[in-house]
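Commentary on secondary and tertiary structure
Residues per chain, in single letters:
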Amino acid sequence: MSERLKVVTGHLSAGQRPADSVLTSNFCSGHLSPALQQSSYRYTASDVESVLTPEQRAFYEQNGFLVVKNIVPKEKTEQYRERFKDICSGKISTYGMTLMRDVAICKSEFVGNERAISKLQDFQWDDVLFGYCSLPEVLKYVKSFIGPNVMAMHTMLINKPPDPGTLTSRHPMHQDLYYFPFRPPNRVVCAWTAMQKIDRNNGCLVVIPGSHKGELLEHDYPNWEGGVNKMYHGIKDYNPEADSRVWVEMEEGDTVFFHPILIHGSGSNKTDGFRKSISCHYAASECEYIETEGSKQDKIAKEVQEIVRRKTRTKAEVSFKDIWKYRARLVCGQPINL
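In this report, the structure presented in the accompanying data block is examined. (Residues numbered from 1 in each chain as written. Predicted model: local features only at pLDDT ≥ 70, side-chain atom pairs only at ≥ 80, totals over all residues. Heavy atoms only, no water.)

With that out of the way, let us pick up the nonpolar core. Val138, Phe257 and Tyr282 are the most contacted members of the largest nonpolar core, which has 86 residues in total. The greatest single-element share of this core, amounting to seven residues, is contributed by strand S5 (residues 150–160). (Core = buried A, V, L, I, M, F, W, Y, C linked by side-chain atoms within 4.5 Å. Buried < 20%, exposed > 50% of the residue type's maximum accessible area, 1.4 Å probe, protein only. Helix = DSSP H or I, 4+ residues; strand = E, 2+ residues; numbered from the N terminus.)

On to the side chain of Asn269, then. Residue position: Asn269 is located in the loop between strand S14 (264–266) and strand S15 (275–284). We classify Asn269 as buried; its relative accessible area is 0%. Among the polar contacts made by the side chain of Asn269, one reaches the main-chain carbonyl oxygen of Pro161 at a distance of 3.4 Å. Looking at Asn269, its side chain comes within polar contact range of the side chain of Thr271, at 2.7 Å. If near-sequence neighbours (up to four positions away) are discounted, Asn269 is found in contact with Lys160, Pro161, Pro162, Asp163, Ser169, Asn201, Asn202, Gly203, Phe274 and Arg275. (Polar contact = N/O pair within 3.5 Å; in protein donor to acceptor, adjacent residues only side chain to side chain. Contact = heavy atoms within 4.5 Å.)

This part covers a nonpolar patch on the surface. Taken together, Tyr95, Trp125 and Tyr326 make up a surface patch of nonpolar side chains, about 430 Å² in accessible area. With respect to the helices, strands and loops of the structure, Tyr95 is situated in the loop between helix H4 (74–89) and strand S3 (98–100). (Patch = residues over 30% accessible without salt bridge, like charges linked within 9 Å, V, L, I, M, F, W, Y side chains within 5 Å. Areas by Shrake-Rupley, 256 points an atom, 1.4 Å probe, with all protein chains shown as cover. Salt bridge = Lys/Arg side-chain N within 4 Å of Asp/Glu carboxyl O.)

Right, let's get into the pattern of salt bridges. In total, this model carries 15 salt bridges according to the counting rule given. Note that Lys197 is salt-bridged to Glu251, the shortest N-O span being 3.1 Å. Taken together, the residues span a long stretch of sequence, with Lys197 in the loop between strand S8 (188–194) and strand S9 (205–207) and Glu251 in the loop between strand S12 (246–249) and strand S13 (255–258) at a distance of 54 residues. Residue classification places Glu251 among the partly exposed positions, given a relative accessible area of 35%. Look at the salt bridges and you will find they share partners, linking Glu306, Arg309, Arg310 and Glu317 into a network.

Turning our attention to the packing of aromatic side chains. Here the distance between the centres and the angle between the planes together describe a pair of aromatic rings. Inspection of the entire model under this criterion finds 11 aromatic pairs. When the ring of Phe59 is compared with that of Phe65, the centres are 5.5 Å apart and the planes differ by 80°; the resulting orientation is edge-to-face. Take Phe59 and Phe65: they sit in the same class, and that class is buried. Between Phe182 and Trp324 the ring centres are 5.8 Å apart and the planes differ by 75°, which places this aromatic pair in the edge-to-face class. One end of the pair, Phe182, is in strand S7 (residues 182–183); the other, Trp324, is in helix H9 (residues 320–327), with 142 residues separating them in the sequence. An aromatic cluster is present here, built from Phe180, Phe182, Tyr289, Phe320 and Trp324 joined pairwise through their rings. (Phe/Tyr/Trp six-rings, centres within 6.5 Å; stacked < 30°, edge-to-face > 60°.)

This paragraph deals with helix H7 (residues 136–146). All of the buried residues along H7 are Val138, Leu139, Tyr141, Val142, Ser144, Phe145 and Ile146. Of the residues trailing H7, Gly147 is marked for its positive phi of about 105°.

Quick look at the environment of Gly234 now. In this fold, Gly234 is placed in strand S11 (residues 234–235). Sequence-wise, Gly234 and His171 are 63 residues apart; in three dimensions their C-alpha atoms are separated by 8.0 Å. With near-sequence residues (within four places) excluded, Gly234 lies in contact with Pro172, Met173, His174, Glu218, His219, Asp220 and Pro222.

Turning our eyes to something else, we now look at helix H3 (residues 54–63). In terms of burial, H3 is a largely internal element, eight of the 10 residues being buried. Taken together, the buried positions of H3 are Gln56, Arg57, Ala58, Phe59, Tyr60, Glu61, Gln62 and Asn63. Two residues or fewer after H3 comes Gly64, characterised by a positive phi angle close to 85°.

Backbone torsion omega between Arg183 and Pro184 reads 5°, so that peptide bond is classified as cis. Within the secondary structure layout, Pro184 lies in the loop between S7 and S8. Residue Asp237 is not a glycine yet carries a positive backbone phi of 55°. Topologically, Asp237 is positioned in the loop between S11 and S12. You can call Asp237 exposed: its relative accessible area is 75%.

Here we take up the environment of Pro240. Counting through the fold element by element, Pro240 comes out in the loop between S11 and S12. For the pair Pro240 and Met173, spaced 67 residues apart in sequence, the C-alpha separation works out to 8.9 Å.

This part takes up the state of the cysteines. Scanning the model with the defined rule gives zero disulfides in all. Free cysteine: Cys190, not disulfide-bonded; nearest cysteine sulfur from Cys280 at 7.5 Å. Residue Cys190 is classed as buried on the basis of its relative accessible area of 1%. (Disulfide = S-S within 2.5 Å.)

So, about the environment of His174. Mapped onto the fold, His174 is located in strand S6 (residues 171–174). His174 sits in the buried class, given a relative accessible area of 5%. Taking the C-alpha atoms as reference, His174 lies 7.4 Å from His219; in sequence the two are 45 residues apart. Beyond its immediate stretch of four places on either side in the chain, His174 contacts Tyr179, His219, His233, Gly234, Ile235, Leu262, Ile263, His264 and Gly265. Polar side-chain contacts of His174 include one of 2.8 Å to the backbone oxygen of Pro172.

Structure below.
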């Protein structure tokens, strides 16, 4: 792992621990030794005309993530920022959306407007925010990973709050596939865009390069003294010293694309401001739903089902698959299975 990490970061300084290395977006856009470029591809699409350079494609195949600089215009990130404010202030209907508060905010006195909301999910039916999912600058890369028939499966705008000292603004190391009842994972990709400068101070993403080549691991709530946010499950018995982590620092408009089995999380926000990013998980419409009962995903499936029952005030049984079917929206191409 350490030798590959040196290729990934390119310039680890002498004496610097791999677990503390920082990968800036200046380097993430696809620098890789020609010796690591592959002649056959497993994690990127071969049925489209790819916009990825051979170096970018090989980098993603090897590491499971890729940062592309400045592909979302600032006027767009500002538009999404203003829409988020309007939603939080009640000017825009939140029908069908999920608004979440950080556990630290929930335990403090009420704060109004956007400061009360740490995450907005399921904005797929809001045409302004869904504009991010269909943005040509993003979509052309998405097609290069999963093919021409693209579904938006999970949408989020994250408003990571300043940490009050409890470290509850962290997100435990996890794999996104844990939340998804559809397969195959190699035809799923996340686009995650910085809406401002994001670094270790305000809680940038941290990834384990190459972990996308592994399997889905057991997840559960971490045993954190300060508390943990709802549905923030993490890999069970995760040892932060066991793997070489890379912190991904980004500028506004930079976008990281990553595989759903890639192990990743984010640090606490040690600044006084809220850290914003917007993301969409995409899947090829050729993917198929699976049963999760009795699997490693059983716990999160039941938790999500219970939340939906409380939110809709119904006693009717709603399947995990049906919940995800509601979340899905066609972006381009043909709707096939999802």
